[in-house]
Amino acid sequence: MADAPPAPPYALAAFDFDGTLADSFPWFAGVLNGVADRYGFRRTRPGEAEGLRGLEVGAILDHLGVARWKLPFIARHMRRLAARDAAALPLFPGMDECLRRLSAGGLVLAMVSSNAEATIRRVLGPDLSACIAHWQCGAALSGKPRKLRAVLRRSGTVPQRAILIGDEIRDIRAARAMGMAAGAVGWGYNNPRALREAGPARIFAAPDDIAAFLLPRHAAARQE
């Protein structure tokens, strides 16, 4: 009797949305000063938003003078703006095919985001949304560990066989807090240098790299 094939290293891949799947940083930079005027923190100067990509969230809040007690109100307002502007949140090229390959390859996929589920579903469309088995959206700025815990519990996955793929330092820390692996994309809100210093398991340069890393047996089969 032949030996059973080895289990893949990960059974579940959780994804962040903004900056990971969707190219939303230009939109974010475009609405930021309007949000600053509404909630009384400092406006950014031309080109300054790009420099924020090297900072952690806490440092960004300090830099802009954002009062912490206002964060729930700001987050709720940002979700409303994103819902209004969903058409301005395109997926990064290749991310649609990446999700399809991962789903077809047998990975359980989850969405863990501070954005609203309805907005994400609009951007993904019904076919890609159907690839996502578990949804934990509307996370607070520091609330992703709780959302990840819910995904692990509902999927029945042990943390050692799960990975969170995001674009910010806080995503890496949230994954570590739950005992999960952390993967980071180099095209999102935090720049690759800042991400590298946080020490993720892998920094991905392109969507194809994600599928090759998470489905190594499939990648090997394609090369034969």
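Residues numbered from 1 in each chain as written. Predicted model: local features only at pLDDT ≥ 70, side-chain atom pairs only at ≥ 80, totals over all residues. Heavy atoms only, no water.

**Quick notes on the overall build of the protein chain**
When helices and strands are tallied, the protein chain shows 11 helices and six strands. In terms of overall size, the protein chain behaves like a compact globule, its C-alpha atoms giving a radius of gyration of 18 Å where 224 residues would be expected to give roughly 17 Å. Its C-alpha atoms give the protein chain principal-axis dimensions of roughly 70 × 35 × 35 Å. With 224 residues in all, the protein chain has 50% of them scored as buried. (Helix = DSSP H or I, 4+ residues; strand = E, 2+ residues; numbered from the N terminus. Rg over C-alpha atoms; globule rule 2.2 N^0.38 Å. Buried < 20%, exposed > 50% of the residue type's maximum accessible area, 1.4 Å probe, protein only.)

**Let's talk about the pattern of salt bridges**
Counted by the stated rule, this structure contains 13 salt bridges. The salt bridge involving Asp16 is made with Lys144; its shortest N-O contact spans 2.8 Å. Here Asp16, found in the loop between strand S1 (12-15) and helix H1 (25-39), pairs with Lys144, found in helix H7 (residues 144-155); they are 128 residues apart in sequence, far enough to count as distant. Each member of the pair, Asp16 together with Lys144, is buried. For Arg84, the salt bridge goes to Asp85, with nearest N and O atoms at 2.8 Å. Looking at Arg84, the relative accessible area reads 56%, which means it is exposed. A cluster of three or more residues bridged by salt bridges with shared partners is formed by Asp16, Lys144 and Asp171. (Salt bridge = Lys/Arg side-chain N within 4 Å of Asp/Glu carboxyl O.)

**What to know about the nonpolar core**
If you look at the biggest cluster of nonpolar residues, it comprises 51 residues, and the most contacted ones within it are Phe15, Leu102 and Ile210. When residues in this core are grouped by element, the largest group, six residues, is from H1. When residues of this core are sorted by domain, at least three fall in each of domain 1 (12-22 + 90-214) and domain 2 (24-88). In contact with Ile210, not counting residues within four places along its chain, are Phe15, Met95, Cys98, Leu102, Ile165, Val185, Trp187 and Phe204. (Core = buried A, V, L, I, M, F, W, Y, C linked by side-chain atoms within 4.5 Å. Domains from an automatic or database assignment. Contact = heavy atoms within 4.5 Å.)

**Comments concerning the sheet that holds strand S3 (residues 134-136)**
Taken in spatial order, the six strands line up as S3-S2-S1-S4-S5-S6 in an open sheet, and their pairing is parallel. Because the sheet does not close on itself, it has two edges, and the strands there are S3 and strand S6 (202-204). On average, each strand axis in the sheet is tilted by 20° relative to the strand beside it, whichever way the strands run. Packed onto the sheet, helix H6 (residues 117-129) meets strand S2 (108-112) and S3 and runs at close to 165° relative to S3. (Pairing = 2+ DSSP bridges. Axes fitted to C-alpha atoms, helices over the stretch in contact; angles between N-to-C directions.)

**Description of the domain arrangement of the protein chain**
Domain parsing of the protein chain yields domain 1 (12-22 + 90-214) and domain 2 (24-88). Put simply, the middle of domain 1 and the middle of domain 2, counted by C-alpha atoms, are 21 Å apart. Every contact between the two is made by 24 residues of domain 1 and, on the other side, 16 residues of domain 2. When the two sides are added together, the surface that domain 1 and domain 2 hide from each other amounts to roughly 1,500 Å², 51% of it contributed by carbon and sulfur. At the boundary of domain 1 with domain 2, the tally comes to one salt bridge. Between Glu56 and Arg173 there is a salt bridge, with its nearest N and O atoms 2.4 Å apart. Seen at the junction of domain 1 and domain 2, the total is 11 residue pairs in polar contact (both at pLDDT 80 or more). Classifying every residue of the side of domain 1 that touches domain 2 gives 10 nonpolar, nine polar and five charged. (Buried area = accessible area lost by both parts, 1.4 Å probe. Polar contact = N/O pair within 3.5 Å; in protein donor to acceptor, adjacent residues only side chain to side chain. Nonpolar A, V, L, I, M, F, W, Y, C, P; charged D, E, K, R; others polar.)

**What to know about the packing of aromatic side chains**
Summed over all chains, the structure comprises seven aromatic pairs. Plain terms: the ring middles of Phe28 and Tyr189 are 5.5 Å apart, the flat faces sit at 55° to each other, and that makes the pair tilted. Linking Phe28 in helix H1 with Tyr189 in the loop between strand S5 (181-185) and helix H9 (192-198), this pair joins segments that are 161 residues apart in sequence. For the ring pair Trp69 and Phe73, a centre distance of 6.4 Å and an interplane angle of 75° mean the geometry is edge-to-face. Grouping aromatic residues by their ring pairs yields a cluster made of Tyr10, Phe204 and Phe213. (Phe/Tyr/Trp six-rings, centres within 6.5 Å; stacked < 30°, edge-to-face > 60°.)

**Some thoughts on the side chain of Glu168**
As for its placement among the helices and strands, Glu168 is situated in the loop between strand S4 (162-166) and helix H8 (169-177). Contact partners of Glu168, with chain neighbours within four places excluded, come to Val57, Tyr189, Asn190 and Leu195.

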